[in-house]
Amino acid sequence: MRRGFSLVEVLVVIAIIAVLAAISYPIASKMIKKSNIEKNRAIAMTVERGIEDFYDEYGYFPIDVGTDEELLQSQLVDMLNTLAGNTKDLNAKGKNFISSLADAANGRSGLVYGSGDNIDSLVTSFGGQFSIILDGTYDNQIKEPSRFGDTTVKGKRSLIWCFGEEADDENA
């Protein structure tokens, strides 16, 4: 009576497992990337909705910019803290307009907190930063940055975007 498997049988099983893994890796990788893109889209939509709700509540933006220029990271952080109700100067009621945003796990996908309840940044699922332009001139149109084609978007109060894992600000 034979016990166990021969070396050839074990090698055949290992080869089959390796082929299956090689076939499934690109599919799984694409699914993970698509999931990350959807997470970023959900974050951007939540922030955009928070800006809209804030504007509807107070009649002005959560940060005074005066132009349609892209927010600096420090301005973005100030705006997020205002939207979260952490600062009372522009958000007198202290209402949290972005309460559904998750905390960033391992520095990805969500809000990163510093001391106390203060927000330090908003990170993408790829570990990068979001960029935002507000309609600071209150003319119901925003001129897109030149890297996107120098067009004007009408009927929006904010533009929010981020770059994927292979791109950065300079190369997108």
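Right above here is the structure, for reference.
Right, let's walk through the structure included here. (Residues numbered from 1 in each chain as written. Predicted model: local features only at pLDDT ≥ 70, side-chain atom pairs only at ≥ 80, totals over all residues. Heavy atoms only, no water.)

Given 3.6 residues per helical turn, the α-helix brings residues three or four places apart onto the same face. Taking 1.5 Å of rise per residue, the 52 residues of helix H1 (residues 7-58) would be expected to cover 76 Å, and the 74 Å separating its terminal C-alpha atoms lies within 8% of that figure. The largest bend in H1 is about 30 degrees, located at Ser 24, with the proline Pro 26 one to four residues further on. Within H1 the residues assigned to the buried category are Asn 36, Asn 40, Ile 43, Ala 44, Thr 46, Val 47, Gly 50, Ile 51, Glu 52, Phe 54, Tyr 55 and Tyr 58. Those residues of H1 that are buried are in contact with helix H2 (73-83), strand S1 (110-113), strand S2 (119-123), strand S3 (131-134) and strand S6 (158-161). Residue Gly 59 follows H1 closely and has a positive phi angle near 85 degrees. (Helix = DSSP H or I, 4+ residues; strand = E, 2+ residues; numbered from the N terminus. Expected span 1.5 Å × (residues − 1). Bend = angle between axes of the 7 residues up to and from the residue. Buried < 20%, exposed > 50% of the residue type's maximum accessible area, 1.4 Å probe, protein only. Contact = heavy atoms within 4.5 Å.)

Next up on the list: the pattern of salt bridges. For the coordinates displayed, the defined rule picks out seven salt bridges. With a closest N to O distance of 3.5 Å, Glu 57 and Lys 95 form a salt bridge. Of this pair, Glu 57 sits in helix H1 while Lys 95 sits in the loop between H2 and S1; the two residues are 38 residues apart in sequence, bridging distant segments of the chain. Note on Lys 95: relative accessible area 41%, which makes it partly exposed. What you see here is one network of salt bridges that share partners, running through Glu 52, Asp 56 and Arg 157. (Salt bridge = Lys/Arg side-chain N within 4 Å of Asp/Glu carboxyl O.)

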